Amino acid sequence: MSYTKEDIIRKVKEEDIEFIRLQFTDIFGQLKNVAITASQIEKAVNNQIMFDGSSIEGFVRIDESDQYLYPDLDSFAVFPWRPSHGKVARLICDVYNPDGTPFVGDPRNVLKRALKKAADMGYDAFNVGPEAEFFLFQTDDEGKPTIKTNDEAGYFDLGPLDHGEGTRREICMALEQMGFEIEASHHEVAQGQHEIDFKYADALHTADNIMTFKLAVKTLAQKNGLHATFMPKPIFGINGSGMHTNMSLFKNGRNVFYDPDGEKGLSKEAYSFIAGLLAHVKGMAAVTNPLVNSYKRLVPGYEAPCYLAWSASNRSALIRIPAARGQATRVELRSPDPACNPYLELAVCLAAGLDGIEKGMTPPAEVTENIFAMDDAARKAHGIDALPGSLDEAIAALEADQLILDTLGDHVAANYIEGKKKEWDEFRTRVSSWEREKYIINY
């Protein structure tokens, strides 16, 4: 929906909105906000709200801390889970420097730069549809999360086995009130695991929607005494949570991935986009799969793709081409997980695909066999490489991929890599319960 400044000022007054949250996202994908009262709304829509950027990890140093929030007026929405009296609304913001220039460390700005590159190449839309999975866990007497689900359901099951069904329904209704179009909602493979799919949109809108989706899921789960997590692999031995990312490029309103005369109904640009993703997917991994825990999901046997291959049907491949053709033709990257920063994830996906198109890259042959069933020799014979096996390997791959570094920009890349190296070092030097159980008696 499109709003003017006057529309928003009027709605705040007429709808008894008392607080407005000016939201933005840090480079590690954490949602932040500055809350203002209704009396400050005019200042907010005129880009006059300032905050201390030095308090946000990876933003700016303390000697250059003043930054401004520029609201995207079309993102105005009322939180449906807040009280009807004294409502709370939100505006998603871009971060700007005091001199009126966009802040290079703002993830939303990183995605906007990638979209400008696509526009300069003649593409007028990059549409994305995400499939974000999550777990719902019970909480203990202190309200802290457990890993109990009280849930015996499986893929597509429903109540009474699916105890999260009621919460899932509330989430869907709340999101629809905020303007989402919910396409599907179902139980996933693992106990306590769920998926809610919402309609694709342009990349910037989709990234905003992913952040709103996470907030709604966590807030409404907490309201119902549950804990929602987008952690990729919370429990050993069962499936982890992914965020399959469906992408399509448009030029003059036409889906450029579709060619009725092309092999499998795909255009040369579609094949080059696939090749670009495969060429850079290892360098992207620290962005698409940003946690130490992400690499516990990317292992064979749990439906998570960890081998570099593409297919028009094979779900064990990293990149899949769903059956729909025409305007619905799309490329599905199956490795990302929902812990990623969606602005950075979509920026690097787009940059990699565009690089493939610019250079006229050709992907390897399609792999139709079950890659998980192959042994190392068979994969080697097919020329199938693997994703990084750890966050440490992923950081090294990122540092070696100049295109991905350039897409992030010097500021984001340097601060992101520094933060991820600290995370790896913290993990590397900690003693886990597995180590104690394995070694403390025998040694």
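To keep things clear, this report deals only with the structure shown in the data block.

Cut-offs applied
- Residues numbered from 1 in each chain as written.
- Predicted model: local features only at pLDDT ≥ 70, side-chain atom pairs only at ≥ 80, totals over all residues.
- Heavy atoms only, no water.
- Phe/Tyr/Trp six-rings, centres within 6.5 Å; stacked < 30°, edge-to-face > 60°.
- Helix = DSSP H or I, 4+ residues; strand = E, 2+ residues; numbered from the N terminus.
- Buried < 20%, exposed > 50% of the residue type's maximum accessible area, 1.4 Å probe, protein only.
- Lys NZ or Arg CZ within 6 Å of the ring centre and 35° of its normal.
- Salt bridge = Lys/Arg side-chain N within 4 Å of Asp/Glu carboxyl O.
- Pairing = 2+ DSSP bridges.
- Patch = residues over 30% accessible without salt bridge, like charges linked within 9 Å, V, L, I, M, F, W, Y side chains within 5 Å.
- Areas by Shrake-Rupley, 256 points an atom, 1.4 Å probe, with all protein chains shown as cover.
- Axes fitted to C-alpha atoms, helices over the stretch in contact; angles between N-to-C directions.
- Parallel < 35°, antiparallel > 145°, perpendicular 65-115°, else oblique.
- Left-handed = near helix turned anticlockwise from the far one by under 90°.
- Contact = heavy atoms within 4.5 Å.
- Nonpolar A, V, L, I, M, F, W, Y, C, P; charged D, E, K, R; others polar.
- Core = buried A, V, L, I, M, F, W, Y, C linked by side-chain atoms within 4.5 Å.

### Some remarks on the packing of aromatic side chains
Part 1: Applying the stated criterion to the full structure yields 17 aromatic pairs.
Part 2: Between Phe180 and Phe198, the aromatic rings sit 5.1 Å apart at their centres with planes inclined by 80°, giving edge-to-face as the arrangement. Separated by 18 residues along the polypeptide, Phe180 in the loop between α4 (165-177) and β8 (182-187) and Phe198 in strand β9 (residues 193-198) bring together distant segments of the chain. With respect to class, Phe180 is no different from Phe198; both count as buried.
Part 3: Here the aromatic residues Phe134, Phe180, Phe198, Phe213 and Phe230 are joined through ring pairs into a cluster of three or more.
Part 4: Stacked on the ring of Phe230, the Lys or Arg Lys214 has its end atom at 5.9 Å from the ring centre.
Part 5: If you follow Lys251 out to its NZ or CZ, it ends over the ring of Tyr123, 4.7 Å from the centre.

### Description of the pattern of salt bridges
Think of it this way: side chains of opposite charge can pair up when their charged atoms draw near.
Part 1: With the rule as written, the count across this model stands at 23 salt bridges.
Part 2: Here Arg10 makes a salt bridge to Glu14, at a shortest N to O gap of 3.8 Å. In this pair, Arg10 and Glu14 both sit in helix α1 (residues 5-14), four residues apart, roughly one turn of the helix.
Part 3: Judged by its relative accessible area of 40%, Arg10 is partly exposed.
Part 4: Here Arg430 makes a salt bridge to Glu426, at a shortest N to O gap of 3.1 Å.
Part 5: A relative accessible area of 56% places Arg430 in the exposed class.
Part 6: Accessibility expressed as a relative area gives 45% for Glu426, which makes it partly exposed.

### Side note on the pairing of strand β6 (residues 87-96)
Along any regular strand, the residues point their side chains to alternate faces of the sheet.
Part 1: Of all the 10 residues making up β6, nine are buried; the element is thus mostly covered by neighbouring parts of the structure.
Part 2: Note that strand β1 (residues 17-25) and β6 share six bridges and pair parallel. Within β6, the residue paired with Ile17 across the bridge is Lys87.
Part 3: Both strand β4 (residues 66-71) and β6 contribute to a ladder of four bridges, which runs antiparallel. Bridge assignment links Tyr68 to a residue of β6, and that residue is Tyr96.

### Brief notes about a nonpolar patch on the surface
Part 1: A surface patch of nonpolar side chains, amounting to about 440 Å² of accessible area, comprises Trp434, Tyr439 and Tyr443.
Part 2: Within the fold, Tyr439 resides in helix α13 (residues 433-439).
Part 3: Among the residues examined, Tyr439 registers a relative accessible area of 36% and is labelled partly exposed.

### With respect to the packing of helix α3 (residues 107-120) against helix α8 (residues 342-358)
Part 1: Two elements in contact, α3 and α8, have axes separated by 8 Å at closest approach and are oriented at 20°. The orientation of α3 with respect to α8, classified from their angle, is roughly parallel. Crossing hand, α3 versus α8: left-handed. Between α3 and α8, the contacting residues are Pro107, Arg108, Val110, Leu111, Ala114, Leu115, Lys117 and Ala118 on the first element and Tyr343, Leu344, Leu346, Ala347, Leu350, Leu354 and Glu358 on the second.
Part 2: A class-by-class count of the residues in the contact of α3 with α8 yields 12 nonpolar, no polar and three charged.

### What about the nonpolar core?
Part 1: Counting 73 residues, the largest nonpolar core has Leu249, Leu277 and Ile319 as its most contacted members.
Part 2: If one sorts the elements of this core by residue count, helix α6 (residues 268-288) sits on top with 11 residues.
Part 3: Setting aside chain neighbours within four positions, we find Leu277 in contact with Met247, Met284, Ile319, Val331, Cys349, Ala352 and Gly353.
Part 4: Counting 28 residues, the second-largest nonpolar core is a separate cluster that includes Ala77, Leu136, Leu175 and Phe230.

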